[in-house]
Amino acid sequence: MARGLVLPGYMGNADWHDMSEYVVHLTDRVAVQSIFRSNTIEARTRTGVVRLLEGISDSQLSVCLSEIPIGHLNRLTRRGSYGIGFLKGFVEAESGQMVTYLPKGSPAAERFQRLVREAMADRVQPGNRINPENPLWSITQFVDNPGAYGDTRYEFEWEREWRVPHHLTFDAVDVALLLAPEEDHDWVRQSAWVGDTRSAYQGLVLDPRWDIGRVQHALITSDRSSA
């Protein structure tokens, strides 16, 4: 297998196609070019249960990724069909982790809200502002409360989301795969200036619309070509 790649599956179980060793970030064609130019996915989205809380909302900025198995990424293509994938170990080393879902109104959600209220009561002078250094704010971006909010339902547990609480900067060796529609694979290889060489990307490129059979074939083919 090519460096950094593993077949679809989980923890050595190749037939566990409902689980994954990868996390991916999907976006549009323009945004992925910016990622390639900078070798960085910027933390632009406020996430978690206190993302709108005045005074600390900027501390909740995160990079969002998904653990959906790479043979089922078509579920996420509403976000875009271009992107980048990493092995989980790299993202964990960059302080990333999976999101914890505490359903709205559940006992666990209520207990966590009590912790939030206690942290909100921690004030600093001058101005009696919420203390931005309270340690709870370092984990709130990883917690969501799915459920009904008026006429809207926020239920995205199926995305198996991961978050990184800062910009995610990477080198070429950290990249496990790139994602693009099949008709744009040549373009993405030439555009993906990952690392210092500015040469065409030689690693694995997948179409997020491919099923598990196409993905496995691409991985095996990549393995043979790198041998």
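Just so we're clear, the structure is a prediction, and the values are computed from it rather than from any experiment.

A. Expanded view of the overall build of the chain. Along its length, the chain carries five helices and 16 strands. Every one of the 227 residues in the chain was classed for burial, and the buried ones make up 44%. Residue pairs at least 24 apart in sequence account for 73% of intrachain contacts in the chain once pairs closer than 6 positions are excluded. Working note: accessible area of the chain is about 12,000 Å², and carbon and sulfur atoms make up 50% of it.

B. Focus on unusual backbone geometry. Between Gln125 and Pro126 the backbone carries a cis peptide bond, its omega angle lying at -5 degrees. At Asn39, a residue that is not glycine, the phi angle is positive and equals roughly 55 degrees. Checked against the element boundaries, Asn39 lands in the loop between helix H1 (29-38) and strand S2 (40-41).

C. Focus on helix H3 (residues 107-120). For H3, spanning 14 residues, the distance from its first C-alpha to its last is 20 Å, which sits close to the expected 20 Å at 1.5 Å a residue. Those residues of H3 not exposed but buried are Ala109, Phe112, Val116 and Ala119. Each buried residue of H3 lies within a common arc of 75 degrees when the element is viewed along its axis, so the set occupies one face. Exposed residues lying more than 90 degrees from the buried face of H3 are Pro107 and Glu118.

D. A look at the packing of aromatic side chains. Scanning all chains against the criterion turns up five aromatic pairs. The interplanar angle of 45 degrees and the centroid separation of 6.4 Å between the aromatic rings of Phe156 and Trp158 together place this pair among those described as tilted. A relative accessible area of 29% places Phe156 in the partly exposed class. One aromatic cluster is present, built from ring pairs that chain together Phe86, Phe90 and Phe170. Geometry around Tyr149 places Lys104 over its ring, the cationic atom sitting 4.1 Å from the centre.

E. How the structure looks around the environment of Arg79. Note that Arg79 resides in the loop between strand S4 (61-66) and strand S5 (82-87). Residue Arg79 is classed as partly exposed on the basis of its relative accessible area, which comes to 44%. On a C-alpha basis, the gap between Arg79 and His25 in space is 9.3 Å, while along the polypeptide they are 54 residues apart. Here the side chain of Arg79 touches Glu159 through a polar contact of 2.8 Å, side chain to side chain.

F. Highlighting the nonpolar core. Within the largest apolar cluster, 25 residues are counted, with the highest numbers of intra-cluster contacts made by Ile41, Leu65, Phe86, Leu168, Phe170 and Leu178. Among residues more than four places away in sequence, those in contact with Leu168 are Asn39, Thr40, Ile41, Val63, Leu65, Phe86, Phe90 and Glu94. The next biggest cluster of nonpolar side chains, apart from the first, holds 16 residues, and it includes Tyr22, Val24, Leu179 and Leu206.

G. How the structure looks around the pairing of strand S1 (residues 22-27). Extensive coverage of S1 is indicated by the burial of six of its six residues. Residues of S1 alternate between two faces, with Tyr22, Val24 and Leu26 on one and Val23, His25 and Thr27 on the opposite face, all of them buried. Where S1 lies against S5, six bridges are found, and the strand directions are antiparallel. What sits directly across from Val24, in S5, is Gly85.

H. The arrangement of the side chain of Thr27 in detail. Mapped onto the secondary structure, Thr27 falls in strand S1. Look at Thr27 and you get buried, because its relative accessible area is 13%. Contact partners of Thr27, with chain neighbours within four places excluded, come to Val32, Ile35, Arg79, Gly80, Ser81 and Tyr82.

I. Highlighting the pattern of salt bridges. Scanning the entire structure with this criterion turns up twelve salt bridges. In this structure, the salt-bridge partner of Glu42 is Arg44, at a minimum N-O distance of 2.9 Å. Since its relative accessible area comes to 39%, Glu42 is described here as partly exposed.

Cut-offs used in this document
Residues numbered from 1 in each chain as written. Predicted model: local features only at pLDDT ≥ 70, side-chain atom pairs only at ≥ 80, totals over all residues. Heavy atoms only, no water. Helix = DSSP H or I, 4+ residues; strand = E, 2+ residues; numbered from the N terminus. Buried < 20%, exposed > 50% of the residue type's maximum accessible area, 1.4 Å probe, protein only. Contact = heavy atoms within 4.5 Å. Areas by Shrake-Rupley, 256 points an atom, 1.4 Å probe, with all protein chains shown as cover. Expected span 1.5 Å × (residues − 1). Arc of directions from axis to C-beta. Phe/Tyr/Trp six-rings, centres within 6.5 Å; stacked < 30°, edge-to-face > 60°. Lys NZ or Arg CZ within 6 Å of the ring centre and 35° of its normal. Polar contact = N/O pair within 3.5 Å; in protein donor to acceptor, adjacent residues only side chain to side chain. Core = buried A, V, L, I, M, F, W, Y, C linked by side-chain atoms within 4.5 Å. Pairing = 2+ DSSP bridges. Salt bridge = Lys/Arg side-chain N within 4 Å of Asp/Glu carboxyl O.

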